[in-house]
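Structural overview
In case you want the letters, here they are:
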Amino acid sequence: MHTHEQFMYRALFIAQKGLPAAMPNPSVGAVIFHKDTIIGEGSTSAFGGSHAEINAINSVKNKELLKESTIYVTLEPCSHYGKTPPCADLIVKMQIPNVVIGCVDSYAEVAGKGIEKLKNAGVNVIVGILEKECINSNKRFFTFIQKKRPYIILKWAESADGFIAPTEKNDQKPVWISNNYSRQLTHKWRSEEMGILVGTKTVLDDNPSLTTRDFVGKNPVRIYLDANHKIDTSFAITNSESKTICLCAEFPLNPIDQIIYKKIDFNDLPAEVNRICVEENIQSIIIEGGSQTLQQFMDTELWDEARVFKSDAILKEGIKAVELKNAVQFSSQKIQNNILTYYKNQK
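Residues numbered from 1 in each chain as written. Predicted model: local features only at pLDDT ≥ 70, side-chain atom pairs only at ≥ 80, totals over all residues. Heavy atoms only, no water.

**Some thoughts on the pattern of salt bridges**
Considering all chains together, one arrives at 20 salt bridges under this definition. The salt bridge partner of Arg140 is Glu193, with a shortest N-O separation of 2.7 Å. A residue pair is termed long-range when its members are at least 10 positions apart, and Arg140 in helix H6 (residues 139-147) and Glu193 in the loop between helix H7 (180-192) and strand E8 (195-198) qualify at 53 residues. The buried category is assigned to Arg140, whose relative accessible area is 12%. For Glu193, a relative accessible area of 4% translates into the label buried. For Glu192, the salt bridge is made with Lys188, and the minimal N-O distance between the two is 2.6 Å. Within this pair, Glu192 and its partner Lys188 are both found in helix H7, separated by four residues, close to a single helical turn. Exposure remark for Glu192: the relative accessible area of 24% places this residue in the partly exposed category. Lys188 sits in the partly exposed class, given a relative accessible area of 31%. Through salt bridges with shared partners, a single network forms among Lys243, Lys262, Glu272, Arg275, Glu279 and Glu280. (Salt bridge = Lys/Arg side-chain N within 4 Å of Asp/Glu carboxyl O. Helix = DSSP H or I, 4+ residues; strand = E, 2+ residues; numbered from the N terminus. Buried < 20%, exposed > 50% of the residue type's maximum accessible area, 1.4 Å probe, protein only.)

The following block contains the structure:
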C-alpha cells in the first residue's frame, strides 16, 4: 500500500540532488506515479535551468500515461514566467489529474497562485504532505524571502577548555584545533552555501583561502572584513579563485583588481552583512570567525544554525570561544578526537 508520505519522502531525497546548484532558486523534487510505478522523477536544474516538474515530465517516456498519474512536488508549482515558463501551466497542458504538494511557496510571485491555477483547471490538489520537512529542505530560500536576510550558519572549533585560538600566533600557520576529517567536512559545507565570511584578524592570523580545496564542489563567495585595508595581495583570500567582497569603512585608495568593495557601518555589523548579502543575492552564509565576529551574530540573534567542533586539545589560555545564547542542540556526532554539535536558534 503506497502512501502520499512515501512519495513525498522520495521527492525530498531527489530535491537534495539539486542543491546547491539551484540556488538562489529553491531546490525542488518531483515524482510522477502511475498506478503501481514511478514513471518520472526530476529535481531543479542549476540556476536558470528547468524546474523539477519540467524535468520529471520530460523523463516520462510515454506521455499518455500522464493523464492517469499523480505528480508529487515538494514546493508549490510556479505560476509566473521567470527564467522558465510556469510549471503549473505545463501540468495543466499535460492533463495530469492529481497534484500532491509539500508546502506553499511564500515567494510573492507564486504564494498560492500556482495552487489556484491548478484547481481552476480542474486538477485535484492536495497540500501539506510532510510540510515541515519540505519547508526545512528549502530553509535558505524561505529565510531569504520571509526574513529578507541569508540563512546564517555560525561555525567554529574550540578546545576542550573552551578557547577558539591561542592569544598569540608566531607565524602565518593556523593553529588547528579541529582534525583533518573535521576540516574536510567544513570544506563540504562551504560547497553547500552561497557565501562565507571571516573577520580581519582571522585573515591576518590564519591566511585562509576559504575555498573547497579538500572537497569537490563550487567555491562560495568570499566576504572578509577589513575596515582600514590591512589585507593586501599577499593574502590568499585576495586571489581570483572565487568572487570576493571586502567590507570596509572607506573605499581604498589602491583597490585590488578582483576585489568588490562595499562600504558598511561596522557599528551594526550583522545587519550590514545581511544588507550586502541581499544586494548580492547571497541566500546562505557561513560565518567562520573570528570569535568577536561570531559573537556579534550570536548576541544580535541574527543566526539560524551553529556548528561547533569540540576538540580534546588543551590550550590553557587564549581567545575565549563563543558564548551560546538561545541555542538548542539538535544533534551531535564524534569525528575521531572531535565532537561536532549542531545547534539551532531557539527564537
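**Regarding the packing of helix H9 (residues 269-279) against helix H10 (residues 291-299)**
Helices that pack against each other are described as a pair by the angle of their axes relative to one another and the distance between those axes. Close contact between H9 and H10 brings their axes to 9 Å; oriented N to C, the two are set at 90°. Between H9 and H10, the angle is such that the two are roughly perpendicular. Here Leu269, Pro270 and Val273 of H9 come into contact with H10, specifically with Thr293, Gln296 and Phe297. Of the residues belonging to the contact of H9 with H10, the class tally is four nonpolar, two polar and no charged. (Axes fitted to C-alpha atoms, helices over the stretch in contact; angles between N-to-C directions. Parallel < 35°, antiparallel > 145°, perpendicular 65-115°, else oblique. Contact = heavy atoms within 4.5 Å. Nonpolar A, V, L, I, M, F, W, Y, C, P; charged D, E, K, R; others polar.)

**Details of the sheet that holds strand E4 (residues 98-103)**
Strand order in this open sheet of five strands is E2-E1-E3-E4-E5, and the pairing throughout is mixed. Both edges of this open sheet fall to strand E2 (37-43) and strand E5 (124-127), since each of them pairs with a single strand only. Between one strand and the next, the sheet's axes are offset by a mean angle of 15°, whatever the strand orientation. Bridge count between E4 and E5: four bridges; the pairing is parallel. Bridged to Val99 within E5 is Val125. (Pairing = 2+ DSSP bridges.)

**Details of the sheet that holds strand E12 (residues 284-289)**
Spatially, nine strands are ordered E11-E10-E9-E8-E12-E6-E13-E16-E15 in an open sheet, and the strand pairing comes out mixed. Edge positions in the sheet fall to strand E11 (259-263) and strand E15 (327-335), since each of these pairs with one other strand and no more. The mean angle between the axes of side-by-side strands here comes to 20°, regardless of whether they run parallel or antiparallel. Sheet analysis places strand E13 (residues 305-311) next to strand E16 (residues 338-345), joined by seven bridges and oriented antiparallel. Residue pairing across strands places Ala306 opposite Tyr343, the latter belonging to E16. Packing against the sheet, H9 makes contact with strand E6 (151-158), E8, strand E9 (221-225), strand E10 (244-248), E11 and E12, and its axis sits at approximately 130° to E11. Packing of H10 onto the sheet brings it into contact with E6, E8, E9 and E12, and relative to E6 it is tilted by some 135°.

**Some thoughts on helix H1 (residues 4-17)**
In this model, H1 (14 residues) spans 21 Å end to end at C-alpha, consistent with the 20 Å of a helix rising 1.5 Å per residue. Restricting attention to buried positions, one finds in H1 the residues Phe7, Met8, Ala11, Leu12, Ile14 and Ala15. In a view along the axis of H1, the buried residues occupy a sector of 165°, so they form one face of it. Against the buried residues of H1 lie strand E1 (29-34), E2, strand E3 (70-75), E4 and helix H5 (131-137). (Expected span 1.5 Å × (residues − 1). Arc of directions from axis to C-beta.)

**Re the pairing of E6**
Summarising burial for E6: eight of the eight residues are buried, a large majority. Across four bridges, the pairing between E6 and E12 is parallel. Of the residues in E12, the one forming a bridge with Ile153 is Ile286. Taken together, the six bridges between E6 and E13 define a ladder with parallel strand orientation. Each residue of the ladder has a partner; that of Leu154, found in E13, is Ala306.

Keep in mind these numbers describe shape, not what the thing actually does.
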